[in-house]
Amino acid sequence: YVVIPVLIYALVYNSNIHGGIDMFHEGERIGNVSGMLHGKVPYRDIYLQHGLFQNAIKPFIAMKLFGVSIASDRTMGNTLAQRGLTNPFGYIAAYLLALWLFRKKFVAVMAILLLASVEIVLNDRHAVALLSLAFVAKYISSKRDWNLIAAGIFSGLGIFNSFDTGVFGFVSIILFLAVY
């Protein structure tokens, strides 16, 4: 549970934060954190396009840790360009989903290598929704109620992480359990 996720992180981590400016997506985060640094409150004074974590908390933490710049936002994690510290967590969550769904480490590792080789876009925005699905898969194989509780917790956190992926994760859990 530790070695393979660390290897997956090392495989998909992209530290190249330099490149063209994405005026749309980077502007969403930088504008929100600029308002927060000037005393504005999310959801009251600032419109969050995706979710509290993605558009406010993550860039705010980046600015506090690495300084107030576009480079700090990119260092923390740039969703569209697949670079930064937090982006590999989507692949780690997908690994846990594959591991608990297929119940074989080899199959799960092959699934992640396939996803990474065809450049499927998975990042921290998708991680919480994938974790909620992973815990549902774990519940089905183990019949332990705490897995279903964890799936519900991650599903709720998914709404605050990124509203659209949180809703997709919640609906997927309902459909997954209904089909099961």
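Just so it is clear, the structure is predicted and the values come from calculations on it, not from any experiment.

1. Some words on the packing of helix 5 (residues 89-102) against helix 6 (residues 105-117)
Look at helix 5 against helix 6: their axes get within 8 Å of each other, and the N-to-C directions meet at 145 degrees. The two elements helix 5 and helix 6 meet at a crossing, and its hand is right-handed. Counted together, Tyr91, Ala94, Tyr95, Ala98, Leu99 and Phe102 of helix 5 and Lys105, Val107, Ala108, Val109, Ala111, Ile112, Leu115 and Ala116 of helix 6 form the full contact between these two elements. In terms of residue class, the contact of helix 5 with helix 6 is built from 13 nonpolar, no polar and one charged.

2. Focus on a nonpolar patch on the surface
A cluster of nonpolar side chains, Leu11, Leu101, Phe102, Phe106, Val107, Met110 and Leu113, forms an exposed patch at the surface whose accessible area comes to about 650 Å². When residues of the nonpolar patch are traced back to their parent elements, those giving at least two are helix 5 and helix 6. With four residues, the top contributor of residues to the nonpolar patch is helix 6. Of note, Met110 is situated in helix 6.

3. As for the pattern of salt bridges
All chains considered together, the criterion is met by five salt bridges. Note that Asp45 is salt-bridged to Arg44, the shortest N-O span being 3.0 Å.

4. With respect to unusual backbone geometry
A positive phi is found at Arg103, a non-glycine position, where the angle reads about 65 degrees. Checked against the element boundaries, Arg103 lands in the loop between helix 5 and helix 6. Residue class for Arg103 comes out exposed when judged on its relative accessible area of 56%. Despite not being glycine, Lys143 shows a phi value in the positive range, around 60 degrees. Of the residues examined, Lys143 reaches a relative accessible area of 46% and is grouped as partly exposed.

5. Overview of the environment of Ala127
Tracing the sequence through the fold places Ala127 in helix 7 (residues 124-142). Given the relative accessible area of 8%, Ala127 is considered buried. Counting along the chain gives 36 residues from Ala127 to Tyr91, while the straight-line C-alpha distance between them is 7.5 Å. Excluding its chain neighbours within four sequence positions, the residues that come into contact with Ala127 are Phe89, Gly90 and Ala93.

6. Observations concerning the packing of helix 1 (residues 3-12) against helix 5
At a closest axis distance of 9 Å, the pairing of helix 1 and helix 5 adopts a crossing angle of 140 degrees. By the angle class used here, helix 1 and helix 5 are oblique. Here helix 1 runs over helix 5; the crossing is right-handed. Residue-level contacts link Ile4, Pro5, Ile8, Tyr9 and Val12 of helix 1 to Phe89, Tyr91, Ile92 and Tyr95 of helix 5. For the contact of helix 1 with helix 5, the class distribution of residues is nine nonpolar, no polar and no charged.

7. Regarding the environment of Ala151
Inspection of the secondary structure puts Ala151 in helix 8 (residues 145-161). With a relative accessible area of 2%, Ala151 lands in the buried category. The contact partners of Ala151, leaving out residues within four places of it in the chain, are Ser132, Phe135, Val136 and Ile173.

8. Side note on the confidence of the model for the protein
Summing up the model confidence of the protein, the mean pLDDT is 89 and the portion of residues at 70 or higher is 98%. Averaged pLDDT values for the elements of the protein fall to 86 in helix 2 (residues 25-37) and rise to 94 in helix 5.

9. A few points about the side chain of Asp124
Looking at the secondary structure, you find Asp124 in helix 7. With a relative accessible area of 5%, Asp124 lands in the buried category. Here the side chain of Asp124 touches Gln54 through a polar contact of 3.5 Å, side chain to side chain.

Thresholds applied
- Counting of residues starts from 1 at the beginning of each chain's written sequence and follows it residue by residue.
- In view of the model being predicted, local features appear only for residues whose pLDDT reaches at least 70, and side-chain atom pairs are presented and counted only at 80 or more, with totals across whole chains, interfaces and linings using the full set of residues.
- With hydrogens and water set aside, each side-chain value is computed from the structure's full complement of heavy atoms.
- Every axis corresponds to a line fitted to the C-alpha atoms, with the helix fit spanning only the stretch in contact, and the corresponding angles, defined between N-to-C directions, vary from 0 to 180 degrees.
- Each helix corresponds to a stretch of at least 4 residues labelled H or I by DSSP, and each strand to a stretch of at least 2 residues labelled E; elements are numbered beginning at the N terminus.
- Here a crossing is called left-handed whenever its near helix is offset anticlockwise from the far helix by less than a right angle, and right-handed whenever the offset is clockwise.
- Contact definition: two residues touch when any of their heavy atoms are within 4.5 Å.
- For this classification, the nonpolar set comprises Ala, Val, Leu, Ile, Met, Phe, Trp, Tyr, Cys and Pro, the charged set comprises Asp, Glu, Lys and Arg, and every other residue, Gly included, is treated as polar.
- Patch membership is restricted to residues that have no salt bridge and whose relative accessible area is over 30%. Joining uses 9 Å for like charges and 5 Å for the nonpolar side chains Val, Leu, Ile, Met, Phe, Trp and Tyr.
- Working definition of accessibility: Shrake-Rupley area with a 1.4 Å probe, residue cover restricted to the visible protein chains.
- Definition used for salt bridges: Asp or Glu carboxyl oxygen within 4 Å of a side-chain nitrogen of Lys or Arg.
- Three labels apply to residues, based on accessible area from a 1.4 Å probe with only protein chains included: buried if under 20% of the type maximum, exposed if over 50%, partly exposed otherwise in between.
- Roughly parallel refers to an angle under 35 degrees, roughly antiparallel to one over 145, roughly perpendicular to one between 65 and 115, and oblique to any angle outside these ranges.
- pLDDT expresses, on a scale from 0 to 100, how confident the predictor is about each individual residue.
- Between N or O atoms, a polar contact is any pair within 3.5 Å; within protein, one atom must be a potential hydrogen donor and the other a potential acceptor, and residues adjacent in sequence are included only when both atoms are from side chains.

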